[in-house]
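Now for the letters of each chain:
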Amino acid sequence: DKLLYSMEETVFDGNHFVDTGLKLFDEPQDFSIILDITQGDSTESGRNQNILCSTGEAEGYYGGLDLRTNPWGDGTIELYGMPNAGGSSFSGDIKSTNRLKLAILFRKGLPEMVRYKVYGTENIMDCSVWGDYSQPAIHDDSLYIGCHHVMENGHNSQFFHGTIHSCKIYGRVLSYSEQNKALN
């Protein structure tokens, strides 16, 4: 099964975070993150309190993973990755208080696909990741849930406001059928 981490329902009030201790970028490796979340009201959280999970910012770039929810209150989710790679945005029927399931897939340390489903809808939406993801970031920072983490100085900011109903991290890329099962 290769389940590396599991977190049960946790409410994030915009002031705390979880250090998983997982070093997902210490070498190029496969992993999948499955999240079931409800975002807080964007009027409460604002632009800078939207980081769902991150790891390894150094020298002004996101070294591996930076997942932001609803940054402008418009139903957008953003995934940032390697240096100079930009990021991917995806949106749909995502509103600030919708419950949402996400599957984020990395192969050999590079982002491959984001799939998501809004509760109460039938469709699973696929979002290919764009940007210059030619080589993975390599560092020994761990994955933080609920905040933006800067590994150079240990500073945490942009805390998530909402509920993570569950979070599972696997040490492999889940198959398509496993992804569908996790998202339904």
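Given the structure is predicted, the values throughout are model-derived calculations rather than measurements.

S.K.: Please explain the state of the cysteines as it appears in this structure.
M.R.: The term disulfide refers to a covalent linkage connecting the sulfur atoms of a pair of cysteines. Following the criterion strictly, the structure yields zero disulfides and no others. Residue C53 stays outside any disulfide, its sulfur separated by 7.0 Å from that of C167, the closest cysteine.

S.K.: What's the story with the environment of E78 in this structure? I'm lost.
M.R.: Looking at the element boundaries, E78 is found in strand β7 (residues 76–80). Separated by ten residues in sequence, E78 and R68 have C-alpha atoms that sit 5.1 Å apart.

S.K.: Explanation requested: the nonpolar core in the structure shown.
M.R.: Soluble globular proteins: nonpolar side chains tend toward being buried together. Core analysis: the largest hydrophobic core is formed by 31 residues, its most contacted members being L35, L102 and I164. Contributing elements (two or more residues each) for this core: β1 (3–7), β4 (31–39), β5 (51–58), β6 (61–69), β7, β9 (99–107), β10 (110–118) and β15 (161–170). Counting five residues, the second largest nonpolar core, distinct from the first, contains I34, A103, L174 and L183.

S.K.: Is there a simple way to explain the confidence of the model for the protein chain in this structure?
M.R.: Interpretation of this model should avoid reading the predicted coordinates in detail wherever pLDDT is low. Looking at the protein chain, pLDDT values average 77 and 72% of them are 70 or higher. Across the protein chain, the element-wise mean pLDDT spans from 50 in helix α1 (residues 42–45) up to 96 in β1.

S.K.: Help me out: how do you make sense of the pattern of salt bridges in this one?
M.R.: Taken as a whole and assessed by the stated rule, the structure comprises two salt bridges. One salt bridge in this structure joins R99 and D36, with 2.8 Å as the shortest N-O distance. With R99 in strand β9 and D36 in strand β4, this residue pair connects regions lying 63 residues apart in the sequence. Salt-bridge contacts for R172 lead to E178; the nearest nitrogen and oxygen are separated by 2.7 Å.

S.K.: What exactly am I supposed to notice about the packing of aromatic side chains here?
M.R.: The geometry of an aromatic ring pair is captured by the separation of the ring centres together with the interplanar angle, meaning the angle of the planes. Applying the stated criterion across every chain yields a total of six aromatic pairs. With centroids separated by 5.7 Å and ring planes inclined at 45°, the aromatic side chains of F17 and Y144 adopt a geometry described as tilted. Placement of F17 in the loop between β2 (10–13) and β3 (18–19) and of Y144 in strand β12 (residues 144–145) is noted, with a sequence separation of 127 residues between them. In this structure Y144 comes out as buried when scored by relative accessible area, which is 10%. An angle of 10° between the planes, with centres 4.6 Å apart, marks the rings of F31 and F106 as stacked. In this pair, F31 is assigned in strand β4 and F106 in strand β9, connecting sequence segments 75 residues apart. F31 gets classed as buried once you look at its relative accessible area, which sits at 0%. Taken together, the ring pairs connect F17, Y144 and F159 into an aromatic cluster.

Reading the values: rules and limits
- Residues numbered from 1 in each chain as written.
- Predicted model: local features only at pLDDT ≥ 70, side-chain atom pairs only at ≥ 80, totals over all residues.
- Heavy atoms only, no water.
- Disulfide = S-S within 2.5 Å.
- Helix = DSSP H or I, 4+ residues; strand = E, 2+ residues; numbered from the N terminus.
- Core = buried A, V, L, I, M, F, W, Y, C linked by side-chain atoms within 4.5 Å.
- Buried < 20%, exposed > 50% of the residue type's maximum accessible area, 1.4 Å probe, protein only.
- pLDDT = per-residue confidence, 0-100.
- Salt bridge = Lys/Arg side-chain N within 4 Å of Asp/Glu carboxyl O.
- Phe/Tyr/Trp six-rings, centres within 6.5 Å; stacked < 30°, edge-to-face > 60°.

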